[in-house]
Each structure stands twice: as structure tokens, then as C-alpha cells.
Amino acid sequence: MAAMKPRTGDGPLEVTKEGRGLVMRVPLEGGGRLVVELTMEEAKDLGAALQQATS
């Protein structure tokens, strides 16, 4: 049996354009990734909300 290693995410945050939308992959604490598909309008709204939250 192989040794179990703790998972600390599967790499950096990444966003790729697929078809007409965007796919965002967010590494999660404890391992795995959250995958979210967004339209361009939703991505702009998310960007504005994050800017507002961090200012």
C-alpha cells in the first residue's frame, strides 16, 4: 500500500476560456479543487465584487 500524503491543494488558481464561458479552478484547503463555470458577465460581476471587498 502506498504511503498517504497530505494534500494541500492541487496547484494555483486557474481560469481557462472554454467555449463562450470561463472555467475557474480554485484549490481547496485539505485537497481537491472547486470548479466553477462562469459567463463573461458573471466573471465581470465577480471581479467587481472582489475589488470592492478588498478596497
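An unreviewed UniProt entry annotates the protein as DUF3117 domain-containing protein of Saccharomonospora viridis.

Can you help me understand the sheet that holds strand E1 (residues 14-18) in this one?
Backbone-to-backbone hydrogen bonds pair the strands of a sheet. The strands run either parallel or antiparallel. Strand order in the open sheet formed by 3 strands is E1-E2-E3, with antiparallel pairing between adjacent strands. Here the strands that pair on one side only, and so sit at the sheet edges, are E1 and strand E3 (33-38). Sheet twist, expressed as the mean angle between neighbouring strand axes with direction ignored, is 20°. Note that E1 and strand E2 (residues 21-27) share 5 bridges and pair antiparallel. The partner of valine 15 across the bridge, within E2, is methionine 24.

Looking at this structure, I do not really get the pattern of salt bridges. What am I missing?
For side chains bearing opposite charge, pairing can occur when the charged atoms are close. One pass over the structure, following the stated rule, counts 3 salt bridges. Across the pair glutamate 14 and arginine 33 runs a salt bridge whose closest N-O atoms are separated by 3.6 Å. Placement of the pair is glutamate 14 in strand E1 and arginine 33 in strand E3, with a sequence separation of 19 residues. With its nearest N and O atoms 3.4 Å apart, the salt bridge here joins arginine 25 to glutamate 18.

Got a minute to help me understand the pairing of E2 in this structure?
Looking along a regular strand, one sees the side chains alternate between the two faces of the sheet. Counting the residues in the hairpin turn of E1 and E2 gives 2 residues, including glycine 19, whose phi is positive at 65°. Both E2 and E3 contribute to a ladder of 6 bridges, which runs antiparallel. Each bridged residue has a counterpart across the sheet, and for valine 23 the counterpart in E3 is glutamate 37. Between the end of E2 and the start of E3, which pair antiparallel, lie 5 residues, with glycine 30 showing a positive phi angle near 95°.

Cut-offs applied
- Residues numbered from 1 in each chain as written.
- Predicted model: local features only at pLDDT ≥ 70, side-chain atom pairs only at ≥ 80, totals over all residues.
- Heavy atoms only, no water.
- Pairing = 2+ DSSP bridges.
- Helix = DSSP H or I, 4+ residues; strand = E, 2+ residues; numbered from the N terminus.
- Axes fitted to C-alpha atoms, helices over the stretch in contact; angles between N-to-C directions.
- Salt bridge = Lys/Arg side-chain N within 4 Å of Asp/Glu carboxyl O.

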